[in-house]
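The lines below spell out each chain.
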Amino acid sequence: MDGNERLELPVSDDSLSFDPDAASVEDADVFDLLEPAVQEWWLDEFGEFVPENGGFFTPPQRGAIPKIHQGTNTLICAPTGSGKTLASFTSILNTLYERDREEPDGLENSVYCLYVSPLKSLANDIHRNLEVPLEGIEDIVAERDGEESMGELRHAIRHGDTDSSDRQKMLEETPHILNTTPETLAILLNSPKFREKLRTVEYVIVDEIHSLAAGKRGTHLAVSLERLEAMTEGEITRIGCSATIEPLSRVAEFLVGRDTPGGQPRNCEIVDARFAREFDLQLECPTDDLINTSREVVQERFYRTLHEHVQEHTNTLVFTNTRSGAERVLHNLRERFDAYDEDNSGCHHGSLSKDVRQDVEERLKSGDLDVVTSSTSLELGIDMPHVDLVVQVGSPKSVAALLQRVGRAGHRVGQTVTGRVIALDRDELLECAVMLTKARDGFVDSVSIPENAQDVATQHVYGMAIAEIRPEAELKGILRRAYPYRNYSEAEYESLMRYLTAEYAGLEEKNVYAKVWRDENDPPDGDHHYEEYPVGKRLIGKRGRLARVIYMTNIGTIPDSFTCDVKTRASDEWVGQLDEQYLDTLEKGDVFVLGGDHFEYRYRRGSQVYVDRTSSRPTVPSWYSERLPLSYDLGCEILAFQDALRERYEDGGPPRVRAWLREFPLDDDSVRAIARLFDYQYQYAGPESVSTPDRLAIEVVRDREEYERHYYVHSSYGRKVNDGLSRLLAYRCAQEATANIRVAVADNGFVLSMPLNRKVDLEGIIEDIEPEQVREDLRVSLSGTDLLQRYFRINATRSLMILKRYKGYEKSASEQQVSSEMLLGFAEDLEEFAVIEETYREIVEDKLNVDEIEDIVSAIDAGELTVSRQLLDSPTPRAFGLATLSASDVVLAEDESAALQAFHERVLEEIGEESMAGLTAASEEE
């Protein structure tokens, strides 16, 4: 069929009238795959020719439907609203409809397709969306003369909130398409009755795969899919969907796993339609001078701009970086403008009740809300067809997050995705300028997938042993066919088994009992003899009468969290509460703000935090644990940007820089503010004060007022890398200076502070670190920290060492923490204890990005990255964010945008009026 041939419909019904000349050859190829009734429904629903799509199908639909029709594993990457979910389901519905008609008894009373979603709300939304094609196709069949009516193609949703009566109904009348979550799938695989219903599964759709792959929920799901594959009657076609993810090849491998342990990945086709939609993105700034413009003026301009955006669009979605920020933006809009009230505006985030969130979701879907503010809770999930603008306040910290958020606007192919990012401090202004430019160029940050997680392996090995007695080789094979365990060593497996069989002396005295037995199939008179296996075949089975109940009520990877009561050591006075995640950042001696007062952190006991009142300034801002970290990939791009800007500055000064910046998606205020920042920087400290891909800049400042020496390290690699690198250096510095080292960490660097009468050769310390020492030094630096205690609790609970639920009693997160603190010392003394090893692995690899730190140290070791050090009287402009990181905390806690005023005040305090005078004069000459 060439480009001049017409698309012929295999249906005589003249109700399918359309202009065949308007259809493309590619559309014909896809259309011919569908059953007549499915074709007719598609034309009824999407019948007109859509020029932006090049036909009747969107790019992801045109690419994916034929592949899924052939039973090919497929990863679909396409913008939100481009039809990728329908692309996943269309071929499956078509095949099941065809099968139902061809089989004498129709479809079996079992599951054929699993749809796995990270969010219950997304599963609910897909469930409703499935009603449309199913009912439409059934109606078409029923109206046709001479055709038998289509049997019912059932679908249902099952997750943790599904009540027992509905679950029972699913056994009697099983859905052919089951929508579920990763946790519920794991439970179904161990449900004696329902797991039989899964043996017919032919398709699995994993939606929003990017949000799963990067964490242990994805690791858990990957093994569940291998367990499912091992029990089904045929091969499963796996389909992954994502709007923004990179690298696609690695995510595809994660989706499909391996045919054999240690073998090659299963085949997978990638449909890359990520840029199938037009993007209209721009960075905005309320002023071209973020130093001297007052807080009140900045706020006024910000809210005026936001108001104008909302008024110019139908529905606007505003993302902030914290939940409190979402609340405050909405509050200020309502206070400042009469246009907003409870009827046409709303707020949505995870701390709100389920009823409030669902109400906002429904009104947003129907187009009843002019504006909704949110933190991250609306990044995924529900269709929002009326949203035509997304405003991001501050940096979303990665290109992937930016595209995911702005993709909520213009929720169909053919509609331009309109997004505006408003930056309110200079560090974020720089981040966002690079981020928007890279997004325009098609760059997406890469995802990091956890590997060899022992806590997840614990749950699945236990689950497989409970499901049936089986050969150990089979169990190991299932685990190693999952992508996260493709390199799972024999030593790691043996460590896991020593824990699961409770081989360690004293373990049972701590109420940690064996969960499985492993034995070579004994002769007939032995304890573990099974006739279906030969004698000597190593088998694994469960231990304990309550094993199944323990497993079903305790599995999952999402950790419980709690708030800690903060009390003074002197009087045991209660002064407030802290989220336990915040304690990850605190070391003894750190100062934070609570209720407007300053407190020095001393120690924690369970859920009690003990502090001393102090007049010292804060070292850790209160928003630290709530904001997403800058991605490492984007951090590297920022370094490259700074190098390119330096070249242009040296070529022609600020005018050349401004001309270059106008090629970026920035408004004029943003252009002038960035140009001014670097002009000040170079005038004050020279080009060598700015980090680039081949230079790490450090500045040393003596703060005589606070009697402290500060080392500002401009490592723009993101907070995860900086957290790990700062711990590594603080550990080394403390040894050399014989003093406590305070650490403050941000995305664009970190600060090491020590008493003024102490100093270290930080440049030499960095250059002396050997790459092979990094991992072990990081591990040593974690010993005795609250971070280690918290992650041990989480991993001990995930590993079922601590049971959240047992015999009807539910142990709270704070009670779990008390239990874990009692076990930690004991566990650390055990040789290669799986739960301890996983705790260190997770912190060092997943939280502190040790691989990237090793790369940085290797580059320094090889001379590819030089370390530049300067001694200064006050911080350079690029260090203002680090210098005011904690001083601005009180303001940040009140209002995200108010950081600007704190920035201004801290700048004047830190660098002094005289230094500023010269820079201001240079500014006025621009």
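Coordinates for the structure precede this section.
Residues numbered from 1 in each chain as written. Predicted model: local features only at pLDDT ≥ 70, side-chain atom pairs only at ≥ 80, totals over all residues. Heavy atoms only, no water.

### Side note on a positive patch on the surface
Taken together, the side chains of R702, R704, K759 and R869 make up a positively charged region of the molecular surface. Here K759 is to be found in the loop between β25 (749-755) and α24 (762-768). Residue classification places K759 among the exposed residues on the basis of a relative accessible area of 63%. (Patch = residues over 30% accessible without salt bridge, like charges linked within 9 Å, V, L, I, M, F, W, Y side chains within 5 Å. Areas by Shrake-Rupley, 256 points an atom, 1.4 Å probe, with all protein chains shown as cover. Salt bridge = Lys/Arg side-chain N within 4 Å of Asp/Glu carboxyl O. Lys, Arg positive; Asp, Glu negative; His and termini not counted. Charge placed at Lys NZ, Arg CZ, Asp CG, Glu CD. Helix = DSSP H or I, 4+ residues; strand = E, 2+ residues; numbered from the N terminus. Buried < 20%, exposed > 50% of the residue type's maximum accessible area, 1.4 Å probe, protein only.)

### Quick notes on the packing of helix α17 (residues 454-467) against helix α20 (residues 547-554)
Direction vectors running N to C along α17 and α20 enclose 140°, while the axes themselves pass 10 Å from each other. Taken together, the axis directions place α17 and α20 in an arrangement best described as oblique. The two elements α17 and α20 meet at a crossing, and its hand is left-handed. Of α20, the residues touching α17 (which contributes Q459, Y462, G463 and I466) are A547, R548, I550 and Y551. Residue classes in the contact of α17 with α20 are distributed as five nonpolar, two polar and one charged. (Axes fitted to C-alpha atoms, helices over the stretch in contact; angles between N-to-C directions. Parallel < 35°, antiparallel > 145°, perpendicular 65-115°, else oblique. Left-handed = near helix turned anticlockwise from the far one by under 90°. Contact = heavy atoms within 4.5 Å. Nonpolar A, V, L, I, M, F, W, Y, C, P; charged D, E, K, R; others polar.)

### Things to note about the environment of M822
The residue M822 is located in helix α27 (residues 813-828) in this model. For M822, a relative accessible area of 62% translates into the label exposed. Sequence separation of M822 and K510 is 312 residues, and the distance between their C-alpha atoms is 9.1 Å.

### Digging into the sheet that holds strand β4 (residues 177-180)
As a general point, the strands of a sheet are linked pairwise by backbone hydrogen bonds and lie either parallel or antiparallel. Taken together, the seven strands give an open sheet; going across it, the order is β3-β4-β2-β5-β6-β1-β7, and neighbouring strands pair in parallel fashion. Each edge of the open sheet is held by one strand with a lone partner, namely β3 (155-158) and β7 (269-272). Across the sheet, the mean angle separating the axes of adjacent strands is 15° when strand polarity is ignored. (Pairing = 2+ DSSP bridges.)

### Topic: the nonpolar core
Counting 126 residues, the largest nonpolar core has L752, L762 and F833 as the members making the most contacts within it. The contacts of F833, once residues within four sequence positions are left out, are S495, Y499, Y504, L507, M801 and A827. Of all hydrophobic cores here, the second largest spans 53 residues; its members include V444, L645, W660 and I674. (Core = buried A, V, L, I, M, F, W, Y, C linked by side-chain atoms within 4.5 Å.)

### Quick notes on the sheet that holds strand β19 (residues 591-594)
Judged by pairing direction, the sheet is mixed, and its five strands sit side by side in the order β18-β17-β21-β20-β19 without closing on themselves. Looking at strand neighbours, the two that pair on one side only are β18 (574-579) and β19, the edges of this open sheet. Strand-to-strand twist in this sheet, taken as the mean axis angle between neighbours without regard to direction, amounts to 45°. Sheet analysis places strand β17 (residues 563-568) next to strand β21 (residues 608-613), joined by four bridges and oriented parallel. Within the sheet, the bridge partner assigned to V566 lies in β21 and is V609.

### Concerning the packing of α17 against helix α18 (residues 472-481)
Think of two packed helices as two axes; the pair is described by the angle between the axes and how far apart they sit. Between α17 and α18, whose axes approach to 11 Å, the crossing angle comes to 140°. Taken together, the axes of α17 and α18 lie oblique to each other. Relative to α18, the crossing made by α17 is right-handed. Within the contact between the two elements, α17 uses A457, V461 and M464 and α18 uses L475, I478 and L479.

### Details of the pattern of salt bridges
In the structure shown here, the tally under the stated rule is 56 salt bridges. Taking the shortest distance from any N to any O, the salt bridge between R440 and D441 comes out at 3.6 Å. The class for D441 is partly exposed, based on a relative accessible area of 49%. Residue E838 is joined to R841 by a salt bridge in which the shortest nitrogen-to-oxygen separation is 2.9 Å.

### Concerning a negative patch on the surface
A grouping of D44, E45, E135, D139 and E143 is seen on the molecular surface, where their side chains present a negatively charged patch. Residue assignment for the negative patch shows that the elements contributing at least two residues are α2 (36-46) and α5 (120-143). If one sorts the elements of the negative patch by residue count, α5 sits on top with three residues. By the secondary structure assignment, E143 is in helix α5.

### Considerations on the packing of aromatic side chains
Note on aromatic pairs: each is described by the distance of the centres and the angle between the planes. Scanning the entire structure with this criterion turns up 19 aromatic pairs. Here a set of aromatic residues connected by ring pairs shows up, and it is made of F31, W41, W42 and F57. The ring of F194 carries the charged tip of R158 above its face, separated from the ring centre by 5.1 Å. One residue, R486, lies across the ring of Y483, its end atom 3.9 Å from the ring centre. (Phe/Tyr/Trp six-rings, centres within 6.5 Å; stacked < 30°, edge-to-face > 60°. Lys NZ or Arg CZ within 6 Å of the ring centre and 35° of its normal.)

### Examining the environment of I638
Residue placement: I638 occurs in helix α21 (residues 632-661). Among the residues examined, I638 registers a relative accessible area of 3% and is labelled buried. Put simply, I638 and C432 are 206 residues apart on the chain and 9.6 Å apart in space, counted from C-alpha to C-alpha. Residues within four places of I638 in sequence aside, it is in contact with L430, E431, V434 and L630.

By themselves, these are just geometric observations and shouldn't be taken as functional.
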